[in-house]
Every structure is written in C-alpha cells, then in structure tokens.
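# Examining the three-dimensional arrangement
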Amino acid sequence: MNDSSWGARPTAGYWVPPDQGSGRGAPPAGPAYDAQDALLPSATQPMPIVPDTPAPPQEPMPSAPQPAPAAPQPAPKKSAGRDLGAAIGVGVGLGAVIIASLFIVKAVFVGVIAVAVVVGLWELTSRLDERKAIKAPLVPLAVGGAAMVVAGYVRGPEGAWVAMALTALAVLVWRMTEPPEGYLKDVTAGVFAAFYVPFLATFVALMLTADDGAWRVLTFLLLTVVSDTGAYAVGWRFGKRKLAPRISPGKTREGLLGAITFAMAAGALCMEFLIDGGTWWQGLLIGLAVAASATLGDLGESMIKRDLGIKDMGTLLPGHGGIMDRLDSLLPTAPVVWLLLVIFVGSG
C-alpha cells in the first residue's frame, strides 16, 4: 500500500483548484479529516502557552526485548518405514521353520513351498479383484499351483511344465462357468498368476532334488536375503541417486551396489564351503546374478502394486506385509540360481 490509501495528511501549502476548495491552505476531505478540520486553527483553538523553563529531558523508552534466536532443528532421522522389531521377529520365526523343514524332512519343505504358493495366489487374486475387478479363478490356481510344486519335485522339469499347462487349461475351463463379460482379462490374469507364483517357485523344489539339495536351497535363500539386506543397509545409509524413481522411489543406485557387493561376497563363501564341487569365482557370478534378479523381481512387484494402488499385497506378516511381499525377490531368483548351479556343478 502507498500513503494515500491510509489517508496521509497533506503538507502545508497544499493547493486545491478553485472549484474544489476555498483556496490555498484548505486541506482536502478524506479519511484523515472531517468537516471541522477544514476550519483555520486560529478561529477555533487558543494559542498554546509555552513555559519559560525547558521541559526536563525524557528518558528513552526501554526497547522491547528481542526474541531469542530459534535453536537449530536437528535433521530428521531416516526411517525404515516399517516396524523393525516385528519384521525381525517374523523373519527369525520363518527362518527357523524353513531351516528345520529343509534339513529334517525334504517332503515337509515341499509342503512349506506349496502352502506359501497357495497363500501368495490368494493375496494376488484378492488384490486384483478388489482394485481392478479382475476375477482370476482361485480354485484351479491353488490346486494347480500346489500340484505344480509337487510335480517338479517328483518328476523334475518335465513334470513342472506339464502341471503348468494343465493349470492354464483348468483356468480357461473354470472361467467358462461365469458370464462371458471380462473373460479375456480374467483368464489372462489367471495364466499370469500361475506362471508368476507357482511355476517360478517350482524351481526351489527342483533344487531340492539334488543330493546336496538342502544346501543348494539354503544357498539360494541366503544369497537373496543377503542381497536384500545389503541393498537396504547401504541405500539407507548412503543412498542419494534414485534407481527407478517412478517405480520404487526408495531404491537407490548406491543400494544396488550394496546388493551386488554383499551378494557376491556371500556367493563366494557359499560356493566354496556349502556346495559340493563349487569354487569361489562361481559364487561371485552367482551372487552378481542374484543381485540383479532379486532387484528386478522387487521392481516387478512394485510395478504391480503401483498399478493396483496399494502398498503391500497383504497383512499376514507383521512388519513385512503379505507373503507376496516376501516372495517378490525370491520367485525370479529361483530359476536363475537353479540354472547356474546346474551349469557349474551339475544337477545331481
């Protein structure tokens, strides 16, 4: 604002045109004046009496206390984004169940894989129905998925492929019992779910069929977990450059380097000390491949969840989300590790 908007008093000698005032010295009407202010001071007020003695000097007014400068705020601490206590507890519990079933009775571990597959399919199909109104038939997927894992363990890769084909056919036929609207998208999602969850998980059962199958599966699990842990630890501490901001804003290039470093070191140790006939340099290559496949698997599920508009696939595991949120990096890594182990040390 300028002074005129506040009705500032004009200075002495203010001139008004003859048609708007009485002449020189007459102030204009405005917010600061009324009709009485237009009269001359000598006609309305007595002259002030000035005392002979000068007035005593006035003490200066104490200045208002200045506010203390605000204390610098500490930088916000980085948050893990999840309940770490619950996540660690659940992770330790799952690890105990897996290790016990893996080294005591192999068939029990196959059952653990089948249960994880069925729960993962239930989470995936439920989210597709809730968010996209895609009704992938769960019954043939669950039955076919469990059968796929068992067939892979009993009959090898040929059994897994046959079970996959029969599961896809069952999805096509089962959906025919519903109205034709949406048939194509429902069966497409069903076939995708059959490949994404049970078929990829079957490669874990294939690893288990070798003589040192328990150690191969343990190596696969350790490398995947170490890769994820390295990515999290390095990315949380040093991460600055985003890896794929439109897909997963939390992932950084520094975290990817951490995943590669940790996985390669763990791979060298596992191949040297856990796998019959393995060498450390083979472990370096397997670790590098695991870091790449685990990262791509994580990004792949992040794409699915972003498309669905959700953060987690489920809430079954406190601190982790759902089963699918734990399988995201394991599923695409299983065929990679199985293939490299077959190439390096054979299938026996």
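Since we're looking at a predicted model, the values are computed, not measured. (Residues numbered from 1 in each chain as written. Predicted model: local features only at pLDDT ≥ 70, side-chain atom pairs only at ≥ 80, totals over all residues. Heavy atoms only, no water.)

### Let's talk about the nonpolar core
Val217 and Phe220 are the most contacted members of the largest nonpolar core, which has 59 residues in total. Among the elements that take part in this core, helix α5 (residues 183–208) stands out by supplying 15 residues, more than any other. Here Phe220 is in contact with Val204, Met207, Leu330, Thr333, Ala334 and Val337, once residues within four sequence places are set aside. (Core = buried A, V, L, I, M, F, W, Y, C linked by side-chain atoms within 4.5 Å. Buried < 20%, exposed > 50% of the residue type's maximum accessible area, 1.4 Å probe, protein only. Helix = DSSP H or I, 4+ residues; strand = E, 2+ residues; numbered from the N terminus. Contact = heavy atoms within 4.5 Å.)

### A few points about the packing of helix α6 (residues 213–238) against helix α10 (residues 330–345)
Between α6 and α10, the shortest axis-to-axis distance is 10 Å and the interhelical angle comes to 130°. Between α6 and α10, the angle falls in the class oblique. Where α6 crosses over α10, the two elements pack in a sense that is right-handed. Residues Arg216, Phe220, Leu221 and Thr224 of α6 form the contact with α10, whose own contacting residues are Leu330, Thr333, Ala334, Val337, Leu341 and Val345. Residues of the contact of α6 with α10, tallied by class, amount to 7 nonpolar, 2 polar and 1 charged. (Axes fitted to C-alpha atoms, helices over the stretch in contact; angles between N-to-C directions. Parallel < 35°, antiparallel > 145°, perpendicular 65-115°, else oblique. Left-handed = near helix turned anticlockwise from the far one by under 90°. Nonpolar A, V, L, I, M, F, W, Y, C, P; charged D, E, K, R; others polar.)

### Description of the confidence of the model for the protein chain
The pLDDT averaged across the protein chain works out to 82; a share of 74% of its residues lies at or above 70. Ignoring residues within four places in sequence, the model shows residues 1–51, a span with pLDDT below 50, making 20 contacts including any to other chains. (pLDDT = per-residue confidence, 0-100.)

### Observations regarding the packing of helix α8 (residues 280–308) against α10
It is at 8 Å that the axes of α8 and α10 come closest, and there the two elements cross at 165°. Classified by the interaxial angle, the pair formed by α8 and α10 is roughly antiparallel. Both α8 and α10 take part in a crossing whose hand is right-handed. Along the contact surface, α8 presents Trp281, Gln282, Leu285, Ile286, Ala289, Val290, Ser293, Ala294 and Gly297, while α10 presents Pro332, Thr333, Val336, Val337, Leu340, Leu341, Phe344 and Val345.

### Some words on the pattern of salt bridges
Where charged atoms from two side chains of opposite charge approach closely, those side chains can pair. Scanning all chains against the criterion turns up 8 salt bridges. Note that Lys132 and Asp307 form a salt bridge whose closest N and O atoms lie 3.3 Å from each other. One end of the pair, Lys132, is in helix α3 (residues 106–132); the other, Asp307, is in helix α8, and 175 residues separate them in sequence. Judged by its relative accessible area of 36%, Lys132 falls in the partly exposed class. For Asp307, a relative accessible area of 51% puts it in the exposed group. (Salt bridge = Lys/Arg side-chain N within 4 Å of Asp/Glu carboxyl O.)

### A word on α8
Given a rise of 1.5 Å per residue, 29 residues ought to cover 42 Å, and the 42 Å separating the end C-alpha atoms of α8 matches this to within 8%. Just downstream of α8, Gly309 is the residue with a positive phi angle, here 75°. (Expected span 1.5 Å × (residues − 1).)

### Structural notes on the packing of aromatic side chains
Applying the stated criterion to the full structure yields 7 aromatic pairs. Taking 5.4 Å as the distance between ring centres and 15° as the angle between the ring planes, the aromatic pair formed by Phe192 and Tyr196 counts as stacked. In this pair, Phe192 and Tyr196 both sit in helix α5, 4 residues apart, roughly one turn of the helix. The structure contains a cluster of three or more aromatic residues connected by ring pairs, namely Trp161, Phe195, Phe199, Phe203 and Trp338. For Arg237, the ring lying beneath its charged end belongs to Phe238, and the centroid distance is 5.1 Å. (Phe/Tyr/Trp six-rings, centres within 6.5 Å; stacked < 30°, edge-to-face > 60°. Lys NZ or Arg CZ within 6 Å of the ring centre and 35° of its normal.)

### As for a nonpolar patch on the surface
A contiguous nonpolar surface patch, about 440 Å² in accessible area, is contributed by Val162, Leu166, Leu169, Leu172 and Val173. Structurally, Val173 can be placed in helix α4 (residues 138–174). (Patch = residues over 30% accessible without salt bridge, like charges linked within 9 Å, V, L, I, M, F, W, Y side chains within 5 Å. Areas by Shrake-Rupley, 256 points an atom, 1.4 Å probe, with all protein chains shown as cover.)

### Focus: the side chain of Ser329
Position of Ser329 relative to the elements: it lies in the loop between α9 (323–327) and α10. For Ser329, a relative accessible area of 2% corresponds to the buried category. Each residue touching Ser329, except ones within four places of it in the same chain, is listed here: Thr224, Asp228 and Ala294.

### Remarks on unusual backbone geometry
Of note in this structure, Ala133 is not a glycine but carries a positive phi near 55°. Locating Ala133 in the fold gives a position in the loop between α3 and α4. Look at Ala133 and you get partly exposed, because its relative accessible area is 45%.

### A look at α4
In this model α4 runs just 10 Å from its N-terminal to its C-terminal C-alpha over 37 residues, more than 12% under the 54 Å that 1.5 Å per residue would give. Along α4, the largest kink reaches about 150° and is centred on Arg155; proline Pro157 follows within four residues of it. (Bend = angle between axes of the 7 residues up to and from the residue.)

### Comments concerning the pairing of strand β2 (residues 248–252)
Bridge count between strand β1 (residues 242–244) and β2: 2 bridges; the pairing is antiparallel. The partner of Lys242 across the bridge, within β2, is Thr252. With antiparallel pairing between neighbouring strands as the criterion, β1 and β2 make up a hairpin whose turn holds 3 residues. (Pairing = 2+ DSSP bridges.)

### A look at the side chain of Ser302
Structurally, the position occupied by Ser302 is in helix α8. For Ser302, a relative accessible area of 11% gives the class buried. The residues contacting Ser302, other than those within four sequence positions of it, are Ile247, Ser248 and Lys251.

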